[in-house]
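Descriptive analysis of the structure
Read off the chains here:
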Amino acid sequence: MAIADRKKRALREREQLILEHADDLLRLNGYLGLNLDELANRIEYSKATIYNHFKSKEDLVLGVATMHLETRADLFNRALTFDGNTRERIFAIGIADQILGKLFPHGFPILQLVRTQSIWEKAAQERQESYFRRSGSCMQAPAEIIRQARVEGDLSEGSPSDQHILTGLVSLAKGAHLLDDGDKVFPDELGFRPLELLNDNYQVFLDGAEWSPHRKDWDYAASKNRIVKELFREETELVEKQ
């Protein structure tokens, strides 16, 4: 391997190290508690080294958010490989989103945080563009599954448009994450757990969108077991260990 290639790989590995430790500090202390001196001590590099990779604390946090989007896109893309009907594959997207919420409960708040003006405007343009690319890549898998459902006849001509279905699914997911993020919309005694209900709400929505097979005609509990086993076994085991 050429010296230049080794240097590039070393830079990528060091940047990944910074991101992973910054992510852990965000999980532990939140944005206001993210201290770059503490981060430098953790990774055993100087703070100047961090600034060689990220121009500001805000730039670093946007990098962490982009890393979460990469993980999300990876899990969503696995749904495309599931050997089942299109509704099972879109169901796999919902299961992946639920797993991510449990595995990285701080992830969604970070994604919300970085879009605030005070943080977004202080991040590098290149970092912003990378974030948008990763965000877009998260939508490619569900959009492709909806297209497949249309081609295969699982979505009838009378079903809502592809855009309406995708927007509805995204709205359900974002709403569940927001409600699960400490808003306390529902009193504790009601026992509502928005993320726990997310997949059931997906199924209600998909029935309404006339996406076949409907719940009354298919055992989606069995589908979920197979999806978890075949696509997300490792992530599910990590959730169970938490």
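To be clear, the structure that these remarks concern was listed above.
Our subject in this report is the structure included herewith. Predicted model only: the values in this text are computed from it and were never measured.

Note that Asn-85 resides in the loop between helix 4 (57–79) and helix 5 (86–103). A polar contact of 3.1 Å, which involves the side chain of Asn-85, links it to the backbone nitrogen of Arg-87. Among the polar contacts listed, one links the side chain of Asn-85 to the backbone nitrogen of Glu-88, at a separation of 2.8 Å.

Another point: helix 11 (residues 220–231). Relative to the 16 Å expected for 12 residues at 1.5 Å per residue, helix 11 spans 16 Å between its end C-alpha atoms, a close match to the ideal helical length. For helix 11, the complete set of buried residues consists of Tyr-220, Ser-223, Ile-227, Val-228 and Leu-231. Along the axis of helix 11, the buried positions cluster into a sector of 130°, meaning they face one direction only. Looking at helix 11, the residues exposed on the side facing more than 90 degrees away from the buried face are Ala-221, Asn-225 and Lys-229. On the buried face of helix 11, the contacting elements are helix 4, helix 5, helix 10 (194–208) and helix 12 (233–241). At the N-terminal end of helix 11, a side-chain oxygen is found 3.3 Å from the backbone nitrogen of Ala-221, two or three residues along, and the residue is Asp-219.

About the criteria used
Residues numbered from 1 in each chain as written. Predicted model: local features only at pLDDT ≥ 70, side-chain atom pairs only at ≥ 80, totals over all residues. Heavy atoms only, no water. Helix = DSSP H or I, 4+ residues; strand = E, 2+ residues; numbered from the N terminus. Polar contact = N/O pair within 3.5 Å; in protein donor to acceptor, adjacent residues only side chain to side chain. Expected span 1.5 Å × (residues − 1). Buried < 20%, exposed > 50% of the residue type's maximum accessible area, 1.4 Å probe, protein only. Arc of directions from axis to C-beta. Contact = heavy atoms within 4.5 Å.

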